[in-house]
Amino acid sequence: MADFEPQLTKRFNVKDGHTLKGYLATGGYESLKKLFTMKPTEVIEEVKASNLKGRGGAGFPTGMKWSFVPQNTGKPIYLAVNADEGEPGTFTDRYMLFNDPHLLLEGIICACFAINSHTAYIYVRGEFYEQIQRLNAAIDEAKKANYLGKNIQGSGFDLEIYVHRGAGAYICGEETGLLESLEGKPGKPRIKPPFPAVVGLFGCPTIINNVKTLCSVPWIIANGAKAYAALGTQESPGTHVFGLSGHVNQTGYWEMPFGMPFMDFLNNYGKGVKGGKLKAVIPGGSSCPVLTAQECEDLTLSYESMKAHGTMFGTGCGIIMNEHTDMAKVLKNLTHFYSHESCGQCTPCREGTAWEDRLLKKILNGEATAKELDLMLEVADNMEGKTICVLSSALAMPVRSFLKKFRGDFEKYLVKNTVAVPEKVQ
Amino acid sequence: MKVEFKPEVKKEFEAIAARYPVRRAALLPALWLAQREFGFISTEALKATADLVGCSPAQAMETASFYTMYQKQKPGKYHLQFCQTISCLLNGAEDVRAAVEKKLNLKDGQTTADGQFSLQGVECLASCHTAPCMRINDEYHENLTVEKINQIIDELKAK
């Protein structure tokens, strides 16, 4: 791996790196000097040229997203920060918020300047109590030092940032569910179009960005898109905080440029699989289709390689499973999760996630035949692409990939004796 | 019994409400205040919250019931929230939880008779690399083992 300068985690081991003093001592808020000499459109062009992709899971190009904001509506423009980290297997934003809250604030200032927004809300999941305290403390410090508020550093640019605490709902990580929750309602996703960039929070143009997406922006502004694009791969430029959990000897997170072979990451950073040989990997959070050990052999940590392997980069946090893992039990965990977290407004999702869970329960109880396995696939077909948001697909994809790649793990639970029940008594 | 927010809490809420162009948007923070002040979101607390925000009790209920962290019944002094999602499952969360259920003779959603402990299974807490994990009130406890959780509970009991 080529040498690189950490951008996202450089203050993780700095004493008081989370305070304004520690932040300023390590180059904090430096990008603003350059930012305020640029025009907002130039900032957008720079981020576009860097090819920074959204780190929340969908990987949408950030600069392009910003360019969708109409500037002539006469309405205020909002930025909503998605810190509702809840995708099973994902845990790195928690540390970004805790160790370097000012970096997020600096990223928010850059983004708001680019889209001409003067109010940003950071939506933090309710469980992140310590992180919320740190964010609020950072906002207070930044306001006192005029990095927030009116006429920031004499630039003429005004910005207020507020923290909004969630209260336990995975679906609020979906961007329009998040907006509903910010408006004080249940987090039920909205039909698109209109897209939030045009009609978002309080009916106004709104951009929703993930924590690490915004934390990547100050470096791009300070060092230029070219330097950013030189890191990683062509399709996946820059660095990311990659994570490992599950059956690994060394779980954790590491920042590095995109493109490392997955097995090198697992063996050199994760110190190999714990408790046996590798069986399966869910590469970027539970919604991503599962991969077999064989498929991981030529996999790299990049958007394009994950796509080529029929899965998704997602959040870049892999869940590792060893050879003794019962994939039917793992999938049961996911069917439970998604049926619990479905907001319930679309029938294919509300019913589909619950039916997958019930069918799998029947299978695990030894009460099912091959018919139920096929029925699970049929239900998955009826769940995908038929709902307002992608939660339904986020279960359909694992169901399909688990059953296709690890069917034996499910078949062992089936009732062998499959005599058809006669229609009549005699 | 009717409950009411203290004047200083009302003031605290007004500062929060000013952050939003629409007052209703402050409903989640208002419910957090209600939970802090009244211990949980009772029907009375819900009415007081609705009055504070200026929405109907039904709207407050609709929101409160959607989110799992608003407690609809009084939780124990120590509210144990066990992550039951995939990475914790892979690392022995079931054993840890079974040990607690046995030790406290408690099932999901229940509170001990003395009001000290309550148990809630929750979904992914974003602590997958330190699985299994749980929260006790607002604090994370990570890398749990049966031994460790028994020790934690003994310490809390002794407090």
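Residues numbered from 1 in each chain as written. Chains lettered and ligands numbered in written order. Predicted model: local features only at pLDDT ≥ 70, side-chain atom pairs only at ≥ 80, totals over all residues. Heavy atoms only, no water.

1. Examining the overall build of chain B
And step 1. Across its full length, chain B holds seven helices and four strands.
And step 2. Listed N to C, the secondary structure of chain B is α-α-α-α-β-α-α-β-β-β-α in terms of helices and strands.
And step 3. Expressed as lengths along the three principal axes of its C-alpha atoms, the size of chain B is roughly 50 × 35 × 25 Å.
And step 4. Relative to its 159 residues, chain B shows a buried fraction of 56%.
And step 5. For chain B, the proportion of contacts with a sequence separation of at least 24, taken over those separated by at least 6, is 62%.
And step 6. Within chain B, one finds 20 positive and 20 negative side-chain charges whose respective centroids are separated by 4 Å. (Helix = DSSP H or I, 4+ residues; strand = E, 2+ residues; numbered from the N terminus. Buried < 20%, exposed > 50% of the residue type's maximum accessible area, 1.4 Å probe, protein only. Contact = heavy atoms within 4.5 Å. Lys, Arg positive; Asp, Glu negative; His and termini not counted. Charge placed at Lys NZ, Arg CZ, Asp CG, Glu CD.)

2. Focus on the interface of chain B and chain A
And step 1. In this complex, chain B contributes 36 residues to the contact, which on the side of chain A involves 58 residues.
And step 2. Both faces combined, the contact of chain B with chain A buries some 3700 Å², and carbon together with sulfur accounts for 59% of it.
And step 3. Our enumeration of links across chain B and chain A arrives at three salt bridges.
And step 4. For the interface between chain B and chain A, the tally reads 26 residue pairs in polar contact (both at pLDDT 80 or more).
And step 5. Where the side of chain B that touches chain A is concerned, the elements lending two or more residues are α2 (27-38), α4 (57-66) and α5 (86-90) of chain B.
And step 6. Classifying every residue of the side of chain B that touches chain A by side-chain character gives 20 nonpolar, eight polar and eight charged. (Buried area = accessible area lost by both parts, 1.4 Å probe. Salt bridge = Lys/Arg side-chain N within 4 Å of Asp/Glu carboxyl O. Polar contact = N/O pair within 3.5 Å; in protein donor to acceptor, adjacent residues only side chain to side chain. Nonpolar A, V, L, I, M, F, W, Y, C, P; charged D, E, K, R; others polar.)

3. Details of the environment of Asn 146 of chain A
And step 1. With respect to the helices and strands, Asn 146 of chain A occurs in the loop between α7 (129-144) and β3 (160-165).
And step 2. Asn 146 of chain A has contacts with Asn 151, Ile 152, Gln 153 and Gly 154 of chain A, leaving out every residue within four places of it along the chain.

4. Observations concerning the sheet that holds strand β1 (residues 78-83) of chain A
Residue and element names in this part refer to chain A.
And step 1. Judged by pairing direction, the sheet is parallel, and its four strands sit side by side in the order β3-β2-β1-β4 without closing on themselves. Across the chains shown, the open sheet's two edge strands, defined by having one partner strand only, are β3 and β4 (206-210). Taken pair by pair, the neighbouring strands of this sheet meet at an average axis angle of 20°, ignoring direction.
And step 2. The sheet contact formed by strand β2 (residues 119-124) and β3 spans six bridges and is parallel. What sits directly across from Tyr 121, in β3, is Tyr 162.
And step 3. Relative to β3, α7 is tilted by about 165°, and along the sheet it contacts β2 and β3.
And step 4. Across the sheet, helix α9 (residues 211-223) touches β1 and β4, and the angle it forms with β4 is around 90°. (Pairing = 2+ DSSP bridges. Axes fitted to C-alpha atoms, helices over the stretch in contact; angles between N-to-C directions.)

5. Examining the packing of aromatic side chains
And step 1. Applying the stated criterion across every chain yields a total of 32 aromatic pairs over all chains.
And step 2. Plain terms: the ring middles of Phe 36 of chain A and Phe 157 of chain A are 6.3 Å apart, the flat faces sit at 45° to each other, and that makes the pair tilted. Taken together, the residues span a long stretch of sequence, with Phe 36 of chain A in the loop between α2 (31-35) and α3 (40-50) and Phe 157 of chain A in the loop between α7 and β3 at a distance of 121 residues.
And step 3. Using a relative accessible area of 21% as the deciding quantity, one classes Phe 36 of chain A as partly exposed.
And step 4. Consider the rings of Tyr 78 of chain B and Phe 117 of chain B, whose centres lie 5.6 Å apart with planes at 35°: the pair is tilted. One end of the pair, Tyr 78 of chain B, is in strand β1 (residues 78-83); the other, Phe 117 of chain B, is in strand β2 (residues 117-122), and 39 residues separate them in sequence.
And step 5. Since its relative accessible area comes to 9%, Tyr 78 of chain B is described here as buried.
And step 6. A cation sits over an aromatic face here: Arg 94 of chain A above Tyr 140 of chain B, 4.2 Å from the ring centre.
And step 7. Above the face of the Phe 128 of chain A ring, Arg 125 of chain A is positioned so that its terminal group lies 5.6 Å from the ring centre. (Phe/Tyr/Trp six-rings, centres within 6.5 Å; stacked < 30°, edge-to-face > 60°. Lys NZ or Arg CZ within 6 Å of the ring centre and 35° of its normal.)

6. A short note on the sheet that holds strand β9 (residues 317-322) of chain A
The pairing of strands in a sheet happens through backbone hydrogen bonds and is either parallel or antiparallel.
Residues and elements named next belong to chain A.
And step 1. Taken in spatial order, the five strands line up as β6-β5-β9-β7-β8 in an open sheet, and their pairing is mixed. The sheet is open, and its two edges are formed by β6 (252-257) and β8 (291-292), each paired on a single side.
And step 2. Sheet topology places strand β5 (residues 239-246) next to β9; four bridges connect them, and they run parallel. Residue pairing in the sheet places Ser 245 in a bridge with Ile 319 of β9.

7. Brief notes about the packing of α2 of chain B against α4 of chain B
All names here are of chain B.
And step 1. Two elements in contact, α2 and α4, have axes separated by 11 Å at closest approach and are oriented at 80°. By the criterion of interaxial angle, the relationship of α2 to α4 is roughly perpendicular. Packed against α2, whose contacting residues are Leu 27, Leu 28 and Leu 31, the element α4 presents Gln 59, Ala 60, Thr 63 and Ala 64 at the interface.
And step 2. Of the residues contributing to the contact of α2 with α4, the split by class is five nonpolar, two polar and no charged. (Parallel < 35°, antiparallel > 145°, perpendicular 65-115°, else oblique.)

8. Observations concerning the domain arrangement of chain A
All names here are of chain A.
And step 1. Assigned domains within chain A: domain 1 (20-229), domain 2 (239-322) and domain 3 (327-411).
And step 2. Here domain 1 and domain 2 have C-alpha centroids that lie 27 Å from each other.
And step 3. Tallying the contact residues gives 18 residues for domain 1 and 18 residues for domain 2.
And step 4. Of the roughly 1300 Å² buried between domain 1 and domain 2, counting both surfaces, carbon and sulfur atoms make up 61%.
And step 5. Among the residues of domain 1 in contact with domain 2, Arg 55, Glu 87 and Phe 91 are the three that bury the most area, contributing 35% of the side total.
And step 6. Counting across the domain 1 and domain 2 interface gives eight residue pairs in polar contact (both at pLDDT 80 or more).
And step 7. Partitioned by chemical class, the residues of the side of domain 1 that touches domain 2 number six nonpolar, eight polar and four charged. (Domains from an automatic or database assignment.)

9. Remarks on helix α8 (residues 175-182) of chain A
And step 1. Here α8 of chain A lies mainly inside the structure; seven of its eight residues are buried.
And step 2. Among the residues of α8 of chain A, Thr 176, Gly 177, Leu 178, Leu 179, Glu 180, Ser 181 and Leu 182 of chain A are the ones counted as buried.
And step 3. Buried residues along α8 of chain A sit in contact with β1, β2, β3 and β4 of chain A together with α2 of chain B.
And step 4. Gly 184 of chain A occupies a position one or two residues after α8 of chain A and carries a positive phi of about 90°.

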